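Fold and contact review
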Amino acid sequence: MAQRNDSYGLATTAASDEAVAALDATVDAYVRFRRDPGERLKATFAADPDLPMAHVAKGYFFKLFANGAMAGRARKAAADLAGVAARTGLNDREALHRRALEAWCAEDIEGAIDAWERILVDHPLDVFALRLAHFKHFYTGEAGKMRDSVARALPSWRPEHRHYGNVLGMYAFGLEESGDYRAAERFGRQAVEIDPEDAWSVHSVAHVMEMEGRHAEGIEWVRSLEPRWSVVNNFRFHLQWHRSLYHLERFEFDEVLRLYDEEIVSDLQEDLYLEIVNCAPLLWRLEMFGIDVGDRWEALGEIALKHIGDHELIFVTLHYLMSLVGAGRDAEAAEMVARMRAYAAEDTTEGRVAAAVGIDTAEAMRALRAGDHAGVVDRLWPIRGELRRMGGSHAQRDLFEQMLVDALEQDGRDGMARALLAERTARVPNSAWSWRKYAGALDRAGDSAPAAAARARADGLLAPA
């Protein structure tokens, strides 16, 4: 089959220019978080049923659902691709994409990342490989690799390239997760100026504001851009989640509940993992702030029942478990942990994550809900420095540190609580919740003057502007 260049000059094995254009549109929809990549992929297959990269994309998209049922369909796509490759042949870049898909289907995430990074050495404009490597560096907790992957490609990109802003936004997020907030905000704002509908870039700046405790500014950033980023897929609810965290830190609980009910939970029945990753931690945080969330856990528990055996991403598995625990479904939660234990014995990327941090985190959540605060401390304290291995962002994983703070307080581990909160308030100095917890730990230790100062700091953060 002929080699035809796509819009970035990348050679593509295809029967027609029409098929290559359809593939371009499919990748564009994925990279820009549009709602129709599936429909665009169908159009690509209609134009050329034997286009190898269409079969690659099909497998990738199934894997991106991060559940067992779709993983089976991804394996079928990989098998179909083998037949297509025998008929049409593959160029070197496409062969590496095939290797990435097969590694991902074999639960070898490191192998998939290696294939994408090999592509990017010679083809830095392959935005599909760049975005997928970014995604998987994120879910393996490798912030530095996420940053550097984009940094290596960025010099080859030009402002006239249609995904230039998207690439800047990816770089911004890698910088933010690596702690370089000033550069992250600069690149993120530049990306949003180029494309205000780029939800990932809006999100990158939102993360900077969350990590720096710029809560009022963060609310305005997300809210003011909402007419633009709200056109995207379900990621728009994640941006509402970010907005809710700002309100939570300001103790504006009615607004958090409104956002939850009207926005964040509204797409739950679509059964996409990001909904659970948004909803469950927000309910748990609200309860730690002393808010009664009513029966809101029940709907999450019902969804989680469908995913007891899922282990595509341990980070996501833990959020399904959180939903079961929150809903009081103890037997199902125990079954999920048992399955996770079995999976932790397997020599796969996520199996190793389960063994390193997944099991202990899972048991800590169950223990906390059962009032076994000593059990929480015994599980979480030793691994707290390794939690990044489960993936997710600093803002998302912070919930597990908050759980540990709660357990230390409840178990009377005042010395450990004071130490952890001293560390925490130094790192996130604009968190009123943290300063109040620190004041309590200092009071219990008899340090009344520092306790009063910590309490005053909390009150000052909550005072009207």
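Residues numbered from 1 in each chain as written. Predicted model: local features only at pLDDT ≥ 70, side-chain atom pairs only at ≥ 80, totals over all residues. Heavy atoms only, no water.

Some thoughts on the packing of helix H22 (residues 414-427) against helix H23 (residues 432-444)
Between H22 and H23, the least distance of the axes is 9 Å, while the angle of their chain directions is 145 degrees. Pair H22 / H23 crosses with left-handed handedness. The segment H22 lies against H23, with Asp414, Ala417, Arg418, Leu421, Ala422, Arg424 and Thr425 engaging Trp433, Ser434, Trp435, Lys437, Tyr438, Ala441, Leu442 and Arg444. Across the contact of H22 with H23, the residue classes tally to eight nonpolar, two polar and five charged. (Axes fitted to C-alpha atoms, helices over the stretch in contact; angles between N-to-C directions. Helix = DSSP H or I, 4+ residues; strand = E, 2+ residues; numbered from the N terminus. Left-handed = near helix turned anticlockwise from the far one by under 90°. Contact = heavy atoms within 4.5 Å. Nonpolar A, V, L, I, M, F, W, Y, C, P; charged D, E, K, R; others polar.)

Considering the packing of aromatic side chains
By convention here, two paired aromatic rings are described through the distance between centres and the angle between planes. According to the stated counting rule, one finds 24 aromatic pairs in the structure shown. A ring pair is formed by Tyr8 and Trp157, whose centres lie 5.2 Å apart and whose planes are at 65 degrees; its orientation type is edge-to-face. You can see Tyr8 sitting in the loop between strand E1 (3-5) and strand E2 (11-13) and its partner Trp157 sitting in the loop between helix H8 (143-153) and helix H9 (164-177), a full 149 residues away along the chain. Comparing Tyr8 with Trp157, the two get one shared label, buried. Considering the side-chain rings of Phe173 and Trp200, the 4.9 Å spacing of their centres and the 75 degrees angle between planes classify their relative orientation as edge-to-face. Pair noted here: Phe173 is in helix H9 and Trp200 is in helix H11 (residues 199-211), with a separation of 27 residues, a long-range link. Residue class for Trp200 comes out buried when judged on its relative accessible area of 9%. An aromatic cluster of at least three residues, connected via ring pairs, comprises Phe33, Phe135, Phe138, Tyr139, Phe173, Trp200, Phe235, Tyr273 and Phe315. When the ring centre of Trp381 is taken as reference, the NZ or CZ atom of Arg384 above it lies at 4.2 Å. (Phe/Tyr/Trp six-rings, centres within 6.5 Å; stacked < 30°, edge-to-face > 60°. Buried < 20%, exposed > 50% of the residue type's maximum accessible area, 1.4 Å probe, protein only. Lys NZ or Arg CZ within 6 Å of the ring centre and 35° of its normal.)

What to know about empty space enclosed by the protein
The tally for this structure, following the rule as stated, stands at four cavities of 30 Å³ or more. Taken as a whole, the largest cavity holds about 150 Å³ of empty space. For the lining of the largest cavity, the secondary structure elements donating two or more residues are helix H1 (17-31), helix H5 (92-105) and helix H7 (127-138). Tallying contributions element by element places H1 first for the lining of the largest cavity, with three residues. (1 Å grid on protein atoms, 1.4 Å probe; cavity = no way out; pocket = protein on both sides within 12 Å on 5 of 7 lines; lining within 4 Å. Points joined across faces, edges and corners; volume = space filled by probe spheres on them.)

A word on the nonpolar core
Within the largest apolar cluster, 165 residues are counted, with the highest numbers of intra-cluster contacts made by Trp116, Trp284 and Leu286. Per element, the largest residue contribution to this core is eleven residues, and it comes from helix H15 (residues 273-288). Those residues in contact with Trp116 that sit more than four places away from it in its chain are Tyr60, His97, Ala100, Trp104, Ala129, Leu132, Ala133 and Lys136. (Core = buried A, V, L, I, M, F, W, Y, C linked by side-chain atoms within 4.5 Å.)

Some remarks on the pattern of salt bridges
This structure, assessed with the given rule, holds 51 salt bridges. Two residues, Glu185 and Arg182, come together in a salt bridge whose shortest N-O distance is 2.8 Å. Taken as a pair, Glu185 and Arg182 lie in helix H10 (residues 181-194) at a separation of three residues, close to a single helical turn. For Glu185, a relative accessible area of 9% puts it in the buried group. Residue Arg182 is classed as partly exposed on the basis of its relative accessible area of 47%. (Salt bridge = Lys/Arg side-chain N within 4 Å of Asp/Glu carboxyl O.)

Brief notes about the layout of surface pockets
Of the voids in this model, the largest pocket is the one considered here, and its volume is about 1,100 Å³. Forming the boundary of the largest pocket are 38 residues, of which Leu64, Phe65, Asn233, Asn234 and Leu272 lie nearest the centre. Counting residues per element, the ones that place at least two in the lining of the largest pocket are H1, helix H2 (37-47), helix H3 (52-64), helix H4 (68-88), H7, H11, helix H13 (235-249) and H15. Tallied by class, residues from the lining of the largest pocket come to 18 nonpolar, ten polar and ten charged.

A closer look at the packing of H15 against helix H17 (residues 314-326)
Interaxial distance between H15 and H17 falls to 9 Å at its minimum, and their mutual angle equals 50 degrees. Judged by the inter-axis angle, H15 sits oblique to H17. The two elements H15 and H17 cross, and the hand of that crossing is left-handed. Packed against H15, whose contacting residues are Tyr273, Ile276, Val277, Ala280, Pro281 and Trp284, the element H17 presents Phe315, Val316, His319, Tyr320, Met322, Ser323 and Val325 at the interface. When the residues that make up the contact of H15 with H17 are grouped by side-chain class, the tally is eleven nonpolar, two polar and no charged. (Parallel < 35°, antiparallel > 145°, perpendicular 65-115°, else oblique.)

Some words on H10
Helix length check: H10, at 14 residues, gives a terminal C-alpha distance of 20 Å against a target of 20 Å (1.5 Å per residue), a fit within 8%. Taken as a whole, H10 has its buried residues at Ala183, Ala184, Glu185, Phe187, Gly188, Ala191 and Val192. (Expected span 1.5 Å × (residues − 1).)

Structural notes on the environment of Ala57
Assignment of secondary structure puts Ala57 in helix H3. Linking Ala57 and Glu386, residues 329 residues apart in sequence, is a C-alpha distance of 33 Å. Those residues in contact with Ala57 that sit more than four places away from it in its chain are Leu41 and Phe128.

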